[in-house]
Amino acid sequence: MSKPTIGFIGLGLMGGAMVGRLQDQGYDLVVIANRTRTYVDRAVERGAVEVTTAKAVAEGSDIVMLCMDTSDNVEARMRGDDGVIAGLKPGAVVIDFGTSLPASTKALGVEVVAAGGTMLDCPIGRTPMHAKDGLLNLMGSGDKAAFDKVKPVLDDLGENVFHLGALGTGHTIKLINNFYAQACANAMAESYAIADVMGVDRQGLYDVMSAGPLKSGMMDFVTAYALQGDDQQLAFSIKNAAKDVGYYAQMCDDAGVQSMMSGSTLDSLRGSIDAGRGEEMVPLQVDFFADRFKG
């Protein structure tokens, strides 16, 4: 049985790795340049077809995948005369792999159905290195029949592929996951910085904390930088972390409640951005807190 043609929008670090994986698995790709050409050029060199509009991506594809940084950018690629929705084939499936606002996803889903297609949200866990080897965690949600239709493709991208419920559920869970992750990461970063203030050895602090129930992957990601200077164990920018925690807070507001725990994490991340650190990786929050405590 022939493989579906896949349109891909958003060939950054993650999207580029995913496209490489899909090409390794023998899929035909239609791509469009977004901000940089690095991964687009690589895909084209391997046989991908490059087009100039999101509409043309949809016109040439059975499945349209987006891996964008914000809901605003997803909406911009989906809507309008040159957008994905305008070019959808009957029965096409659109998959948003980014970390988006659930309310935005649900609204787009209605428009995609009206155009004769189906939309799924499928945010990603793990890193571009996992994507290269087809080992992502994929948090899928939306119409189950459409999900089952594209699951063989998702299985080529992910080691753990979940169907979590109605459209928007994946993005909801991803935002909760990322809020918790950033709350832990920033708490650990501050812990090392305050240890410095108090004259406590960082290694000793880690030895005690990691011997109990606080031990976690996030603790070790931050510790890799705090103790060995390795910031790539959590290769996720402070700017993107702030976006995700901000989306989490907005999601809570949209639900009629106010998050009580996200405020300090978001203040810390935004403070770091204001200090010019937005492009740095999250483990470098250790330095942000250390600088702040020095006055």
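This text follows the structure it describes.
Conventions and cut-offs
- Throughout, a residue's number is its position along its own chain's written sequence, starting from 1.
- Totals for whole chains, interfaces and linings use all residues, but because this is a predicted model, local features are given only for residues with pLDDT of at least 70 and pairs of side-chain atoms are given and counted only at 80 or more.
- Derived side-chain values reflect all non-hydrogen atoms in the structure, with water molecules and hydrogen atoms excluded from consideration.
- Helix and strand labels come from DSSP, where a helix needs a run of H or I of at least four residues and a strand needs a run of E of at least two; each type is numbered from the N terminus.
- Two residues form a contact once any of their heavy atoms are found within 4.5 Å.
- By salt bridge we mean one thing: a side-chain nitrogen of Lys or Arg within 4 Å of a carboxyl oxygen of Asp or Glu.
- Throughout, exposure labels follow a simple rule: accessible area from a 1.4 Å probe, protein chains only, divided by the maximum for the residue type, with under 20% read as buried, over 50% as exposed, and the rest as partly exposed.

**Focus on the environment of D81**
Stage number 1. With respect to the element layout, D81 can be found in the loop between helix 4 (71-78) and helix 5 (84-87).
Stage number 2. Put simply, D81 and K55 are 26 residues apart on the chain and 7.6 Å apart in space, counted from C-alpha to C-alpha.
Stage number 3. In this structure D81 touches K55 and A86, once residues within four positions along its chain are discounted.

**Focus: the pattern of salt bridges**
Stage number 1. Applying the stated rule across the entire model yields 16 salt bridges.
Stage number 2. In this structure, R46 and D24 form a salt bridge, with 2.7 Å as the shortest nitrogen-oxygen distance. Placement of the pair is R46 in the loop between helix 2 (38-45) and strand 3 (49-50) and D24 in helix 1 (residues 13-24), with a sequence separation of 22 residues.
Stage number 3. Owing to a relative accessible area of 46%, D24 belongs among the partly exposed residues under this scheme.
Stage number 4. Where salt bridges share partners, they join R37, D41 and E50 into one cluster.

**Observations regarding the side chain of T105**
Stage number 1. Turning to its location among the elements, T105 is positioned in helix 6 (residues 102-114).
Stage number 2. Residues in contact with T105, not counting those within four places in the same chain, are D96, S100, M119, D121, L167, G168 and H171.

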